[in-house]
Amino acid sequence: MTQIMNLAQMNLGPEEPIVPLAYYEHPDYLSFMRDVENAGRTGRNPNGVWFPHASFEGGTPTIGYGHKLTNTDDFSRGLSDQEVNALLLSDLRAADGRLRDNLGNHYNTLDDRRKQMLLDIVYNVGGLGGFPRFRQAVLDNDLPTMAREHHRFSGGQPLERRNRLFADYFGF
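Let us look at the structure shown here. For clarity, every value in this text was computed on a predicted model and none was experimentally measured.

Re the packing of helix H4 (residues 112-125) against helix H5 (residues 132-140)
Running from amino to carboxyl end, H4 crosses H5 at an angle of 165°, the nearest separation of the two axes being 10 Å. Considered as vectors, H4 and H5 are oriented roughly antiparallel to each other. When the axes of H4 and H5 are compared, the crossing they make is left-handed. Here Arg114, Met117, Leu118 and Ile121 of H4 come into contact with H5, specifically with Phe134, Arg135, Val138 and Leu139.

Structure below.
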């Protein structure tokens, strides 16, 4: 229903084609991703400008909602909310490419919800290699195993908030 409302609010003329949203562009999923990646809006100053900050897990600095800076990124002047959101979409699109490569023909058999589950992990940790049982459970649509195997850890400690938000969003 949210998607229908968003399309209605776009004031498209009768000649303009309606292009369906990619599964990772659904407003509810984007809100979920913003929440799990940077609910505190770390790096955003009171004027609404985003700057790079130290990454939670260490390593490469981050900006916005989990974008790891590369050698070619220069965000020294900061980014607007609109630019940070565009960067999130670009990063999700790239992660979707990695997910497609990982799943091969299985990718097209998944509904949007299961793609979103796997994409969250690929976006967050870079791949599904550390989650073979979860990956297989998603492919098999095995909810009890998905609920058991989705948990993430950092430094040996469970990521309690992220794990809870994942379970809540996907209904485990």
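Notes on the packing of aromatic side chains
We describe a pair of aromatic rings using the distance from one ring centre to the other and the angle between the two ring planes. For the coordinates displayed, the defined rule picks out 11 aromatic pairs. Ring geometry for tyrosine 23 versus tyrosine 24: centroids 5.3 Å apart, planes at 80°, classification edge-to-face. The same class applies to tyrosine 23 as to tyrosine 24, namely buried. Seen from their ring centres, tyrosine 169 and phenylalanine 170 are 4.8 Å apart, and the 90° between their planes marks the pair as edge-to-face. Overall, the relative accessible area of 30% leaves tyrosine 169 in the partly exposed class. A residue is classified by how much of its surface remains accessible, and phenylalanine 170, at 3% relative accessible area, is buried.

Remarks on H5
Every buried residue belonging to H5 is among Phe134, Arg135, Ala137, Val138 and Leu139, and all of these are buried. Along its buried surface, H5 packs onto helix H3 (81-103), H4, helix H6 (143-149) and helix H7 (160-170). Note on H5: the residue one or two positions beyond its end, asparagine 141, has a positive phi of about 55°.

Points about the pattern of salt bridges
Taken as a whole and judged by the stated rule, the model has eight salt bridges. Linking aspartate 35 and arginine 161 is a salt bridge whose minimum nitrogen-to-oxygen distance equals 2.5 Å. Placement of aspartate 35 in helix H2 (residues 27-38) and of arginine 161 in helix H7 is noted, with a sequence separation of 126 residues between them. Among the residues examined, aspartate 35 registers a relative accessible area of 26% and is labelled partly exposed. A salt bridge links arginine 162 to glutamate 37; the shortest N-O distance between them is 3.0 Å. In this pair, arginine 162 is assigned in helix H7 and glutamate 37 in helix H2, connecting sequence segments 125 residues apart. For the pair arginine 162 and glutamate 37, one class covers both residues: buried. Through salt bridges with shared partners, one network takes in Glu37, Asp120, Arg152 and Arg162.

Basis of the calculations
- Residues numbered from 1 in each chain as written.
- Predicted model: local features only at pLDDT ≥ 70, side-chain atom pairs only at ≥ 80, totals over all residues.
- Heavy atoms only, no water.
- Axes fitted to C-alpha atoms, helices over the stretch in contact; angles between N-to-C directions.
- Helix = DSSP H or I, 4+ residues; strand = E, 2+ residues; numbered from the N terminus.
- Parallel < 35°, antiparallel > 145°, perpendicular 65-115°, else oblique.
- Left-handed = near helix turned anticlockwise from the far one by under 90°.
- Contact = heavy atoms within 4.5 Å.
- Phe/Tyr/Trp six-rings, centres within 6.5 Å; stacked < 30°, edge-to-face > 60°.
- Buried < 20%, exposed > 50% of the residue type's maximum accessible area, 1.4 Å probe, protein only.
- Salt bridge = Lys/Arg side-chain N within 4 Å of Asp/Glu carboxyl O.

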